[in-house]
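Each chain, written out:
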Amino acid sequence: MKLRTLAVGLMVSAIALTACGREGSPTAPAAPGGEPAPALSYPVAENVQVEGSPVFQAMTQRGRVVIGVKEDQPGLGFKDATTGQYSGFDVEIARMVAAGLGFGPDQIEYKPIPTAAREDSIVRGDVDYYVGTYTINDRRKQLISFAGPYFQAGQSLLVRADETEITGPQTLKGKKVCSASGSTPIQRVRDQGLTEPENIVEFQTYTQCVDQLLTNQVDAVTTDDAILAGYASQQPDELKLVGEPFSEEPYGIGLNKDDSALRNQINDLLQASYDDGTWQKIYDATLGVSGAAASPP
């Protein structure tokens, strides 16, 4: 599927689309112009057949779909600590795909998976598919496959609001840089020698890195700009993004490597969402609430 690069200059608001485990979603937060984003719901397909897909057969026999997600990324994949419900752009893409496969909101089980455990979870069959800022790359494609991409982000840097020395990747020497274990961004820092090996700090989640940043234990957090902008929007007086994105991170839906039938089916659902405007509605109600524009692929 050939997709055009999205313009991703995001200052993402913390999204609170709730009731992801129920039919539809309530009205999203108001955009800067004051109008609320539209509620999101997706027609649940009936009598879906995916011939030759063992994963779809297992989903059908089980009567529900198990989707791997992130739970600590505002605007993308976020779990409300009070309600226990999931929201964000990736979660809505996951729900839209589930509906196209014939599974309603009450037939979805969300399973948060740490970055470093994604491939193993897919290979073991712990999840049927994974939607969570999952960059498509050749190393991962040796173990799993991807539908999409459905979004294009870029690696960036999050620093404290009073930081003046770090202005981009070229200024990271001597600075402690944090990211999630097993992530593409931390591997890029290591491979390109952006800082010394002893200054690379890894945790299971980006939230842990942000906590370290706020307590002066590290100097910068690096991952995709869409993710970092969500954290910055939560604490704009404490955090900021610096520099321009310095990579291309195409997000895909992670799948069992040998299940080409399900991959093709999901690619068809993604393409239909671009063609009929559903993708744009999802974007506008989640990442687009901040006013940052992006066109569908």
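Note that the structure is predicted; figures quoted are calculated from it, not measured. (Residues numbered from 1 in each chain as written. Predicted model: local features only at pLDDT ≥ 70, side-chain atom pairs only at ≥ 80, totals over all residues. Heavy atoms only, no water.)

## Looking at the pattern of salt bridges
A pair can form between side chains of opposite charge whenever their charged atoms are brought close. Defined as follows: The term salt bridge refers to a side-chain nitrogen of Lys or Arg lying within 4 Å of a carboxyl oxygen of Asp or Glu. A simple rule labels every residue: compare its accessible area, found with a 1.4 Å probe on the protein chains alone, to the largest value its type can have, and call it buried under 20%, exposed over 50%, or partly exposed in between.
Counted under the stated rule, the structure contains 10 salt bridges. Notably, a salt bridge pairs D126 with R124, separated by 2.6 Å at the nearest N-O pair. Given a relative accessible area of 54%, R124 falls into the exposed group. Residue E165 is joined to K175 by a salt bridge in which the shortest nitrogen-to-oxygen separation is 2.4 Å.

## Side note on helix α5 (residues 184–191)
Cut-off, in case you're wondering: Helix and strand labels come from DSSP, where a helix needs a run of H or I of at least four residues and a strand needs a run of E of at least two; each type is numbered from the N terminus. Should any heavy atoms of two residues lie within 4.5 Å, those residues are considered in contact.
Turning to α5, its buried residues number three or more, namely T184, P185, I186, R188 and V189. Contacts made by the buried residues of α5 are with α4 (138–141), β8 (155–160), β9 (177–180), β10 (200–203), β11 (220–224) and β13 (249–256).

## Details of the pairing of strand β1 (residues 65–69)
Regular strands show a simple pattern: their side chains alternate between the two faces of the sheet. This is how the line gets drawn: Two strands form a pair only when DSSP identifies at least two bridges running between them.
Within β1, five of the five residues are buried, which leaves the element mostly enclosed by the surrounding structure. Side chains V65, I67 and V69 project from β1 onto one buried face, and the interleaved V66 and G68 project onto a second face that is buried too. Two strands pair when backbone bridges link them, and β1 and strand β6 (residues 129–130) are joined in this way by two bridges, in the parallel orientation. Residue pairing in the sheet places G68 in a bridge with Y130 of β6.

## So, the packing of helix α2 (residues 89–100) against helix α8 (residues 260–276)
Using the following cut-off: Angles here are taken between N-to-C directions and fall from 0 to 180 degrees, while the axes themselves are lines fitted to C-alpha atoms, restricted in helices to the stretch in contact. Any angle between 65 and 115 degrees counts as roughly perpendicular, while under 35 counts as roughly parallel, over 145 as roughly antiparallel, and the rest as oblique. Two helices cross in a left-handed way if the nearer one is turned anticlockwise from the farther one by less than a right angle. They cross in a right-handed way if the turn is clockwise. The nonpolar class holds Ala, Val, Leu, Ile, Met, Phe, Trp, Tyr, Cys and Pro. Asp, Glu, Lys and Arg form the charged class, and all remaining residues, Gly among them, are polar.
Where α2 contacts α8, the two axes come as close as 10 Å, and the packing angle between them is 115°. Considered as vectors, α2 and α8 are oriented roughly perpendicular to each other. Here the hand of the crossing between α2 and α8 comes out right-handed. Contact residues: α2 offers I93, M96, V97 and G100, while α8 offers I266, L269, L270 and S273. Residue classes in the contact of α2 with α8 are distributed as six nonpolar, two polar and no charged.

## Quick notes on the nonpolar core
Just so we agree on the cut-off: Note on terminology: a nonpolar core comprises buried Ala, Val, Leu, Ile, Met, Phe, Trp, Tyr and Cys residues joined through side-chain atoms within 4.5 Å.
Core analysis: the biggest nonpolar cluster contains 61 residues, and Y129 and I253 have the highest contact counts within it. When residues no more than four places from it in sequence are discounted, the contact partners of I253 are I93, V97, Y129, Y130, V131, S145, F146, A147, Y150, I266 and L270.

## Describing unusual backbone geometry
In this chain, G148 is followed by P149 through a cis amide linkage whose omega measures 15°. Relative to the assigned elements, P149 resides in strand β7 (residues 144–153). In the Ramachandran plot, T133 falls in the positive-phi region, its phi being about 45° despite a non-glycine side chain. Within the element layout of this structure, T133 appears in the loop between β6 and α4. The class of T133 is buried, set by a relative accessible area of 5%.

## Topic: helix α7 (residues 225–234)
Within α7, eight of the 10 residues are buried, leaving the element largely enclosed by the surrounding structure. For α7, every residue scored as buried is listed here: D225, A226, I227, L228, A229, G230, Y231 and A232.

## Some remarks on the packing of aromatic side chains
Spelled out, the test is: Here the aromatic set is Phe, Tyr and Trp, taking the six-membered ring for Trp, and pairing holds for ring centres within 6.5 Å; pairs whose planes are under 30 degrees apart are stacked, those over 60 apart are edge-to-face, and all others are tilted.
Considering all chains together, one arrives at 11 aromatic pairs under this definition. Among the aromatic side chains, those forming a connected cluster through ring pairs are F89, Y150, F151, Y251, W279 and Y283.

## Brief notes about the sheet that holds strand β2 (residues 72–73)
Strand order in this open sheet of three strands is β2-β3-β4, and the pairing throughout is antiparallel. With partners counted over all chains shown, the strands left at the sheet margins are β2 and β4 (86–87), one partner each. Taken together, the two bridges between β2 and strand β3 (residues 77–79) define a ladder with antiparallel strand orientation. Opposite D72, over in β3, you have F78 as the bridge partner.

## Considering the sheet that holds β8
Spatial ordering of the open sheet is given by β10-β9-β11-β8-β12, a layout of five strands whose pairing is mixed. Both edges of this open sheet fall to β10 and β12 (239–242), since each of them pairs with a single strand only. Sheet twist, expressed as the average angle between the axes of neighbouring strands with direction ignored, equals 35°. By the bridge criterion, four bridges tie β8 to β12 in an arrangement that is antiparallel. Bridge assignment links R160 to a residue of β12, and that residue is L239. Against the sheet, helix α6 (residues 206–214) touches β8, β9, β10, β11 and β12, its axis set at about 150° to β11.

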